[in-house]
Amino acid sequence: MAAPQMSSRLVNVAEDAELRLVSLLGEHSPSLDVPQCEACIQAGQAAELLKIILADKGSVPALVTQVPDTEEAAGSFALLVALIGSSGNEAGVSATGLGNAVMKAGDSTEALCARKLRLLAVLYNLREPILDKVQILQMMITVAGYFPSSFLRAQDPLGNL
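This write-up is about the structure you can find in this document. Numbering of residues starts from 1 in every chain and runs along the sequence as written. Reporting in this predicted model follows two pLDDT cut-offs: at least 70 for local features of residues, and 80 or more for side-chain atom pairs to be given and counted; totals over whole chains, interfaces and linings ignore these cut-offs and use all residues. Hydrogen atoms and water are omitted, and side-chain values are computed over all heavy atoms in the structure.

1. What to know about the side chain of threonine 96
And then number 1: The numbering of helices and of strands both runs from the N terminus, where a helix is a DSSP run of H or I of at least 4 residues and a strand a run of E of at least 2. As for its placement among the helices and strands, threonine 96 is situated in helix α6 (residues 95-104).
And then number 2: Any two residues whose heavy atoms approach within 4.5 Å are treated as being in contact. Setting aside residues no more than four positions away along its own chain, threonine 96 makes contact with Asp132, Gln135 and Met139.

And the structure:
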């Protein structure tokens, strides 16, 4: 049997990443329809996958409040941002809508604000449209304003992002 071609390897890697995202979200958001998400991945329906994940009221908050590893949450969130980049228009989803979901998740403890800032920074760095960047930056400043002594110090205006 011949080795898979490069393009099919990339598809397999993307599918695997999407399956891991769905698995992680399913662990922390019991209301997520995991079998339906897996069916979308198998069918290559990124827009439908995105709609299902973002329609689930527990998925984005789970990345903010329940996934214990911040790096894992940020990596999963980056995949959501990439899905918006490739299928957001088709799914009727915007980057600022995702940013707003992050802002609304959980309470405003300092640790949670740090995580929100991390996820918003991922969103900011992975978006190109300048209007998106301005809106995301506004969200970041708003979240940082909850703990200005930690995140908005005079000697380091953007904190440790």
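2. Points about the layout of surface pockets
And then number 1: Of the volumes computed, that of the largest pocket is approximately 210 Å³.
And then number 2: Residues are said to line a cavity or pocket when one of their atoms sits within 4 Å of a point; the points come from a 1 Å grid over protein atoms alone, cavities being sets where a 1.4 Å probe fits but cannot get out and pockets being open sets with protein on both sides within 12 Å along at least five of seven lines. Taken together, Leu54, Asp56, Lys57, Val60, Pro61, Val93, Ser94, Gly97, Leu98, Ala101, Lys104 and Ala105 form the lining of the largest pocket.
And then number 3: Of all the secondary-structure elements, those providing two or more residues to the lining of the largest pocket are α4 (59-65) and α6.
And then number 4: If you tally residues by element for the lining of the largest pocket, the top one is α6, at four residues. Grid points are joined across faces, edges and corners, and a volume is the space filled by probe spheres set on the points.

3. Brief notes about the nonpolar core
And then number 1: Residues enter a nonpolar core if they are buried and are Ala, Val, Leu, Ile, Met, Phe, Trp, Tyr or Cys, with the set joined through side-chain atoms within 4.5 Å. Buried, partly exposed and exposed residues are distinguished by accessible area as a fraction of the type maximum, computed with a 1.4 Å probe on protein chains only: under 20%, between the cut-offs, and over 50%, respectively. Residues Leu49, Ile53, Leu63, Phe77, Leu98 and Leu123 are the most contacted members of the largest nonpolar core, which totals 45 residues.
And then number 2: Of all elements in the fold, only α1 (6-28), α2 (34-43), α3 (46-55), α4, α5 (70-91), α6, α7 (110-126) and α8 (130-144) reach the threshold of two or more residues within this core.
And then number 3: Element by element, the count of residues in this core is highest for α5, at nine residues.

4. Quick word on the environment of arginine 118
And then number 1: Following the sequence through the fold, arginine 118 ends up in helix α7.
And then number 2: Sequence spacing of arginine 118 and valine 64 is 54 residues, and the spatial spacing of their C-alpha atoms is 9.6 Å.

5. Description of a nonpolar patch on the surface
And then number 1: Two distance rules govern patches: like charges are joined within 9 Å, and nonpolar side chains (Val, Leu, Ile, Met, Phe, Trp, Tyr) within 5 Å, applied only to residues with over 30% relative accessible area and no salt bridge. Here the Shrake-Rupley method, with its probe set to 1.4 Å, supplies the accessible areas, and only the displayed protein chains count as covering residues. The term salt bridge refers to a pairing of a side-chain nitrogen on Lys or Arg with a carboxyl oxygen on Asp or Glu at a separation within 4 Å. Nonpolar side chains collect at one region of the surface, where Ile130, Leu131 and Val134 lie side by side and expose about 320 Å² of accessible area between them.
And then number 2: With respect to the helices and strands, leucine 131 occurs in helix α8.
And then number 3: For leucine 131, a relative accessible area of 56% translates into the label exposed.

6. Considerations on the state of the cysteines
What we call a disulfide is simply a covalent bond connecting the sulfur atoms of a pair of cysteines.
And then number 1: Criterion for a disulfide: a pair of cysteine sulfur atoms at a distance within 2.5 Å. Tallying each qualifying case throughout the model produces zero disulfides.
And then number 2: For cysteine 40, which is in no disulfide, the shortest distance to another cysteine sulfur is to cysteine 37 and amounts to 6.4 Å.

7. Focus on the pattern of salt bridges
And then number 1: Counted by the stated rule, this structure contains three salt bridges.
And then number 2: With a shortest N-O distance of 3.8 Å, aspartate 16 and arginine 20 are connected by a salt bridge. Placement of the pair is aspartate 16 and arginine 20 together in helix α1, with a separation of four residues, close to one helical turn.
And then number 3: With relative accessibility at 53%, the residue arginine 20 sits in the exposed group.

8. Some details on the packing of α7 against α8
And then number 1: It is the contact of α7 with α8, at a shortest axis distance of 10 Å, that shows an interaxial angle of 170 degrees. Our classification of the angle between α7 and α8 gives roughly antiparallel. Along its contact with α7, which presents Cys113, Lys116, Leu117, Leu120, Ala121, Leu123, Tyr124 and Asn125, the element α8 presents Lys133, Ile136, Leu137, Met139, Met140, Val143 and Ala144. Each axis is a line fitted through C-alpha atoms, taken for helices only over the stretch in contact, and angles between the N-to-C directions span 0 to 180 degrees. Each angle receives one of four descriptions, namely roughly parallel if under 35 degrees, roughly antiparallel if over 145, roughly perpendicular if within 65 to 115, and oblique otherwise.

9. Considering the packing of aromatic side chains
And then number 1: Any Phe, Tyr or Trp ring, taking Trp's six-membered ring, that has another such ring centre within 6.5 Å forms a pair; planes under 30 degrees apart are called stacked, those over 60 apart edge-to-face, and the others tilted. One pass over the full model with this rule turns up zero aromatic pairs.
And then number 2: For a Lys NZ or an Arg CZ to count as sitting over a ring, it must be within 6 Å of the ring centre and within 35 degrees of the ring normal. The positively charged end of lysine 133 is found above the aromatic ring belonging to tyrosine 124, 4.0 Å away from the centroid.

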